[in-house]
Amino acid sequence: NSNFRQEAGIPKDSEWTALAKEDKIYMFDSIPLLVYTSRRDVEHHLAYTHIPGPTPWLQSARARYMAALLAREDDPADPADCIGVNPRTLRRHTEAHHVHVQAIDTNALNNPADAAFTFLYQALEYVPVRLYLGLDEKLPRLPEPYPVPNHHLDNLRNLMQFIVGDKVQDIHPVLWNTNELASLSTVLESQEATESLLKYRSLSSALRLTLSRDAVVSSLQGVWHQLAEAHGLSLQAPGDEKVKTDIKRLSQLVANMELNHGLSSR
């Protein structure tokens with residue numbers, strides 16, 4: 001309304017014509033240009049500006065561009081030097097781009113957001129993740145398109161669902177930030193833990209299955225000593241209902257442990 005326009009400092013309709021007449025058109029005497037003699041030089045300039053430079057693209061876009069540059073070179077060091085990045089960084093982005101594209105093309109990824117690429121890019125630094133996808137332990141010198149073998153495509157789908165979920169199938173991710181990638185890598189080293197993660201979608205539960213036998217024994221021994229001490233203290237409070245309730249909870253837990261380890265006849 002007119003009151004709002006006045007308070008906001010917006011001119012009235014009748015004032016626009018006058019304002020337009022007062023306006024001046026400024027003409028440039030000159031326009032700065034950068035002239036390159038080859039398309040290759042233009043590509044390197046754009047890469048230098050938008051990859052390590054002041055106006056960076058999204059990480060997935062940077063990777064797509066680097067992959068295109070590397071595809072026309074025999075030595076990763078050449079384009080890397082021209083655009084101002086480490087050759088290994090160029091190779092890492094290129095490989096992650098190829099895996100990302102393969103995940104999209106094979107419907108392993110239904111949510112190709114930049115976040116999915118960021119997770120994938122960092123995940124490929126972990127050897128267990130690479131082996132889970134059927135990749136070599138070491139980053140290849142010249143990453144090729146579609147690097148995940150066909151017999152590992154199910155694993156690629158699983159990995160993308162671990163990372164970003166699957167909206168089509170209403171599957172939620174098991175990771176919430178990239179700091180959890182180390183835990184995921186540990187889980188993927190164990191077939192039992194990986195199967196647990198696929199079934200129950202709980203990273204913390206799957207991670208517990210990777211504990212070594214010594215760690216489990218040490219934990220049980222520690223609990224035994226604490227329980228023995230608690231038992232002695234409980235004798236000082238006979239008949240206390242709260243103490244009885246807690247003892248019952250512990251008893252039920254021990255009974256479940258016996259059942260799970262075949263120590264009970266139930």
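Here the structure is a predicted model, which is why all the values come from computation and not from measurement. (Residues numbered from 1 in each chain as written. Predicted model: local features only at pLDDT ≥ 70, side-chain atom pairs only at ≥ 80, totals over all residues. Heavy atoms only, no water.)

S.K.: Looking at this structure, I do not really get the nonpolar core. What am I missing?
M.R.: Nonpolar side chains tend toward joint burial in soluble globular proteins. In this structure, Leu133, Leu156, Leu175, Leu184 and Leu197 are the most contacted members of the largest nonpolar core, which totals 35 residues. Going through the elements one at a time, helix 6 (87-105), helix 7 (114-123), helix 8 (127-132), helix 9 (153-164), helix 10 (181-188), helix 11 (191-200) and helix 12 (203-208) are the ones with two or more residues in this core. Those residues in contact with leucine 175 that sit more than four places away from it in its chain are Phe119, Phe162, Ile163, Glu180, Leu181, Leu184 and Leu203. The next biggest cluster of nonpolar side chains, apart from the first, holds ten residues, and it includes Ile51, Leu69, Leu70 and Leu90. (Core = buried A, V, L, I, M, F, W, Y, C linked by side-chain atoms within 4.5 Å. Buried < 20%, exposed > 50% of the residue type's maximum accessible area, 1.4 Å probe, protein only. Helix = DSSP H or I, 4+ residues; strand = E, 2+ residues; numbered from the N terminus. Contact = heavy atoms within 4.5 Å.)

S.K.: Would you explain helix 9 in this entry?
M.R.: Its twelve residues place the ends of helix 9 16 Å apart at the C-alpha level, agreeing with the 16 Å of an ideal helix rising 1.5 Å per residue. Among the twelve residues that make up helix 9, ten are buried, leaving the element largely enclosed by the rest of the structure. Among the residues of helix 9, Leu153, Asn155, Leu156, Asn158, Leu159, Met160, Gln161, Phe162, Ile163 and Val164 are the ones counted as buried. Elements in contact with the buried residues of helix 9: helix 6, helix 7, helix 8, helix 10 and helix 11. Glycine 165 sits one or two positions beyond helix 9 and adopts a positive phi of about 75°. (Expected span 1.5 Å × (residues − 1).)

S.K.: I keep staring at the side chain of histidine 50 and nothing clicks. Help me out?
M.R.: Here histidine 50 lies in helix 3 (residues 39-50). The class for histidine 50 is buried, based on a relative accessible area of 18%. Other than its neighbours up to four places away in sequence, histidine 50 contacts Thr55, Pro56, Trp57 and Arg62.

S.K.: I'm lost on unusual backbone geometry in this one. Help?
M.R.: Working note: non-glycine residues mostly have negative phi, and peptide bonds are mostly trans. The backbone of aspartate 170 sits at a positive phi, close to 55°, despite the residue not being glycine. Mapped onto the fold, aspartate 170 is located in the loop between helix 9 and helix 10. Of note, the phi angle at arginine 201 is positive, near 60°, even though the residue is not glycine. Here arginine 201 lies in the loop between helix 11 and helix 12.

S.K.: Explain the pattern of salt bridges here, please?
M.R.: For side chains bearing opposite charge, pairing can occur when the charged atoms are close. The full count for this structure, using the stated rule, is eleven salt bridges. Of the charged contacts, one joins arginine 157 and aspartate 154 as a salt bridge, the two residues approaching to 3.0 Å between their closest N and O atoms. Taken together, the positions of arginine 157 and aspartate 154, both in helix 9 and three residues apart, correspond to about one turn of that helix. Note on aspartate 154: relative accessible area 52%, which makes it exposed. Through salt bridges with shared partners, a single ionic network connects Arg39, Glu43 and Arg72. (Salt bridge = Lys/Arg side-chain N within 4 Å of Asp/Glu carboxyl O.)

S.K.: Explain the packing of aromatic side chains here, please?
M.R.: In this description, a pair of aromatic rings is defined by centroid distance and the angle of the planes. Enumeration over the complete set of coordinates arrives at two aromatic pairs. The interplanar angle of 55° and the centroid separation of 5.1 Å between the aromatic rings of tryptophan 57 and tyrosine 65 together place this pair among those described as tilted. Note on tryptophan 57: relative accessible area 29%, which makes it partly exposed. Directly above the aromatic system of tyrosine 121 lies the positively charged group of arginine 92, at a separation of 4.0 Å from the ring centroid. (Phe/Tyr/Trp six-rings, centres within 6.5 Å; stacked < 30°, edge-to-face > 60°. Lys NZ or Arg CZ within 6 Å of the ring centre and 35° of its normal.)

Note that every value here comes from positions in space, so none of it alone points to a role or purpose.
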